[in-house]
Structures are given as structure tokens and as C-alpha cells.
Amino acid sequence: MAVSIHPDWEKILRDTFETPYFKALIDFVKSAYNSSKCFPPGKLIFNAFDLCPPKRTKVVILGQDPYHGPGQAQGLCFSVPSGVPHPPSLINIFKELAGNVQIPYPKSGDLSPWAKQGVLLLNATLTVQAHRAGSHQGKGWEKFTDQVIKLLSDRYQNIVFLLWGGYAKQKLKLIDETKHYILTSGHPSPLSANRGYWFGNKHFSKTNAYLIKNGKEPINWGL
């Protein structure tokens, strides 16, 4: 199974890739992809890392699982390829975005332009079996992505971490709040958003204000 990952990530994660737990994880993933339909396509499993190298990471958005429907997952949390209908959480993300930074609601659900500007769109679990949400949880992906979050926190500074929903907020313990900017809110899913825990958080404008304050180029959120 061919995968693609930016060489800078490959370099700093080399020791992790050699650990017994990660080797067992990859054996599981290979077996799962060989025996059943899984998402995203193998070459896109590390897409978030391929498009956003560590030194360029300015923002981290954390999701939980890849989408498990055909043609949706592309290795970037909350993102779907252009032309694919927007899932409910992405619809609410775009509604908040449009209202917050006064841009039109995006036509494309492909968030790769964000990734290429330094937004690491990281799912806690990087693979899933078709039509079985959460099917690859507890196999080692969470340990790996926790290490990635802590590595970014330890090695760099002035990164904005956007933690949406209870699951993402559990990652607070991995981040040094004295070096980074953490924004939390409810999840953009309809259940949370409709209860008033999502809309109005202004995370997109707050992110850019912090980046500018710290001498970094703001994110162009338009798609």
C-alpha cells in the first residue's frame, strides 16, 4: 500500500515509525485494507502530513474519524473532495466561517487550500472501514496522533489549536498553553451547534488576529 508523507514529517517521526505499537498498527491497517473497503484511499492516509509540513504548521484543527461514506474521506479532517455534498458538520463550519470573516459560503468542501497554508487538518484516527464509524479506533492511531500533537507543542511555538467538542478538548493536556493559543468550543455537528455551542465562536478571525500579532501570515479562509 503506497502512502505519501512529507519528508520533514518522515524525519521527525522516524523513531515512532520503528516502535512496536506503530508496526502493529500498520499491520492492522494493511490487513483491513486488503480484506474490506476502507477510507481514505491508501495514498491519502497521511494527506494532512503531506500537505502541511511541521515547520509550516500554524494552526491545528482536530477531528475524530475519517468520513466512512464512499468518495468522502481524503485524509483531512472535515474535508471532502470538490463536488461531494457537504456533510452536516462541514456545513456548520462554513456557516460560522462565512458569518465570522464575511466571505461567501464556500462551494467546494475541499479544505486542502487551508492545509497548504499551514493548517494541519488532523483526525485522531486516520482510517476507517466503510460504513462503520469508529471501526479503527483503539488500534494505535490515537497514540500516534497524540504524539504528533505533543511533538508540535514541544518543538514549536505560537501555534493555534482549535479544539471543537468534548473529544478534541481531551487533547488539552498535550499542549503547552504558555507557548500556544488554544481555542475551544462545542462541536460543529448539528446536535451541538443547534444547542448554541458552536455558532458565534469566531475562531477563524481570532486565529488570524493571533497569527498577525505573532508575526505570521494569516490564513486565507476562502476556498
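Heads up: the structure comes first, above all this text.
To start, this report covers the structure provided alongside it. Please read all numbers here as calculations on a predicted model, not as lab measurements.

1. A few points about the sheet that holds strand β6 (residues 181-185)
Right, on to step 1. Across the sheet, which stays open at both edges, the four strands sit in the order β3-β2-β5-β6 with parallel pairing between neighbours. In this open sheet, the two edge strands, each paired with only one partner strand, are β3 (119-123) and β6. Neighbour to neighbour, the strand axes of the sheet diverge by 20° on average, direction disregarded.
Right, on to step 2. With five bridges joining them, strand β5 (residues 160-164) and β6 adopt parallel strand pairing. Bridging from a neighbouring strand, W164 pairs with S185 of β6.
Right, on to step 3. Contacts from helix α7 (residues 141-155) reach β2 (59-63), β3 and β5, with the element oriented near 155° to β3.

2. Observations regarding the pairing of β5
Right, on to step 1. For β5, a buried count of five out of five residues is recorded, marking the element as mostly surrounded by other parts of the structure.
Right, on to step 2. With burial as the criterion, each face of β5 is covered, one bearing V160, L162 and W164 and the other bearing F161 and L163.
Right, on to step 3. Relative to β5, β2 runs parallel, the two being bridged by three bridges. Counterpart to V59 in the pairing with β5 is V160.

3. A look at the packing of helix α3 (residues 20-35) against α7
Right, on to step 1. Where α3 contacts α7, the axes come no closer than 9 Å and their chain directions differ by 125°. Comparing their axes, α7 and α3 come out oblique. Regarding α3 and α7, the two cross each other, and that crossing is left-handed. Between α3, through Y21, F22, L25 and V29, and α7, the contact on the second element is made entirely by W141, K143, F144 and Q147.

Cut-offs applied
Each residue is numbered by its place in its chain's sequence as written, counting from 1. Only residues with pLDDT of at least 70 are given local features in this predicted model, and only at 80 or more are side-chain atom pairs given and counted; all residues enter the totals for whole chains, interfaces and linings. Side-chain numbers here rest on the full set of heavy atoms in the structure, without hydrogens or water. Pairs of strands are assigned from DSSP output, requiring at least two bridges between the strands. Helix numbering and strand numbering both begin at the N terminus, where a helix is a DSSP run of H or I of at least 4 residues and a strand a DSSP run of E of at least 2. For helices, the fitted line uses only the C-alpha atoms of the stretch in contact; every axis is such a line through C-alpha atoms, and the angle between N-to-C directions lies from 0 to 180 degrees. The contact criterion used is simple: two residues touch if any of their non-hydrogen atoms lie within 4.5 Å. The rule is simple: take the accessible area with a 1.4 Å probe, protein chains only, and divide by the maximum for that residue type; under 20% is buried, over 50% is exposed, in between is partly exposed. Oblique is the label for any angle not under 35 degrees, not over 145, and not in the 65 to 115 range, which are roughly parallel, roughly antiparallel and roughly perpendicular in turn. Each helix crossing is assigned a hand: it is left-handed if the near helix lies turned anticlockwise from the far helix by less than a right angle, otherwise right-handed if that turn is clockwise.

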